[in-house]
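Notes for the structure review
Listed below, chain by chain, are the residues.
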Amino acid sequence: MTRRRARRGRERGLLAVGAFLAALLGVLAAAPAQAAGYRYWSFWERDGAQWTYASQGPGTARPEDGDVQGFRFSVSDDSKDSAKPRGPADFDAICADTPAKDGRKRVGLVVDFGTAGDAPGGESPPKRRTACAQVGEDATSAEALASVAKPLRYDSKALLCAIDGYPKRGCGEQVADDGTTTKTQPQTPTDNTGGTGDGADGGPSVGLIAGIAAVALLGGAGIWQARRRRG
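Structure report, in brief. (Residues numbered from 1 in each chain as written. Predicted model: local features only at pLDDT ≥ 70, side-chain atom pairs only at ≥ 80, totals over all residues. Heavy atoms only, no water.)

Details of the environment of C161
- Summarising the element assignment, C161 is placed in strand β7 (residues 160-162).
- Of the residues examined, C161 reaches a relative accessible area of 3% and is grouped as buried.
- C-alpha separation for the pair C161 and Y40, spaced 121 residues apart in sequence, amounts to 6.9 Å.
- Apart from the residues lying within four places of it in its own chain, the contact partners of C161 are W41, R153, Y154, D155, Y166, P167, G170 and C171. (Helix = DSSP H or I, 4+ residues; strand = E, 2+ residues; numbered from the N terminus. Buried < 20%, exposed > 50% of the residue type's maximum accessible area, 1.4 Å probe, protein only. Contact = heavy atoms within 4.5 Å.)

This is the structure:
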């Protein structure tokens, strides 16, 4: 009779743990969806046959004659998964029709306006374009870009918001998984334009969810072991 009561007690304990886990999963499912990332212009430098994420912003970078730099509009979380400019990026091809001049430098620029999926609501990305900027020897990347892709738009913190007028609105806004804007962010989470920490305003992080689940499972195992010893 005593063993039967103990077995029933263990069963009730496991059922309670199961109910708790089900309730926990329900709470997590109802939590706000984690953001897909931020919609912004990223800045790249050509290194041989590859693009590398620029270590500084276009307002301070000073390219040399013969350099190729790129700008890509996309939705991404940070520099690790940011989309690179697409298509060929050969300096000789980009600047073939721009002869060298004394006291001036030539910078090949690739401007990739991204995909329709990255575009803000109601806007369509223009076609990718290249241009050869011929500017003063001390000119920054931003000055080179401005010479060939006006109008540019910046926010109050000098963050590049639009190239050649695209996009018309927004600047580094946070975007949800379904593509809707969730929050305007004055700075994007990128190495060359400033940033925010992981999981900012995007719902519970994966680490938090995993930690809660682990605690719940350990708690359930502990209850079962305790009842087993008493039985």
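Description of the state of the cysteines
- Going through the model one piece at a time under the given rule, you end up with 2 disulfides.
- At a sulfur-sulfur separation of 2.1 Å, the disulfide partner of C95 is C132. For the disulfide bridge between C95 and C132, the dihedral angle about the S-S bond is near 100 degrees, and by the sign convention the bridge is right-handed. Highlighted residues: C95 in the loop between α2 (91-94) and β4 (104-112) and C132 in strand β5 (residues 129-136), separated in sequence by 37 residues. Of the two residues examined, C95 and C132, each falls in the buried class.
- Put simply, C161 and C171 are joined by a disulfide, and their sulfur atoms are 2.0 Å apart. Between C161 and C171 the disulfide shows an S-S torsion of about -75 degrees. By sign, it is left-handed. You can see C161 sitting in strand β7 and its partner C171 sitting in the loop between β7 and β8 (173-175), a full 10 residues away along the chain. Pair check on accessibility: C161 and C171 agree, each one buried.
- If the cysteines joined by disulfides in the protein chain are listed in sequence order, their pairing comes out as 1-2, 3-4. (Disulfide = S-S within 2.5 Å.)

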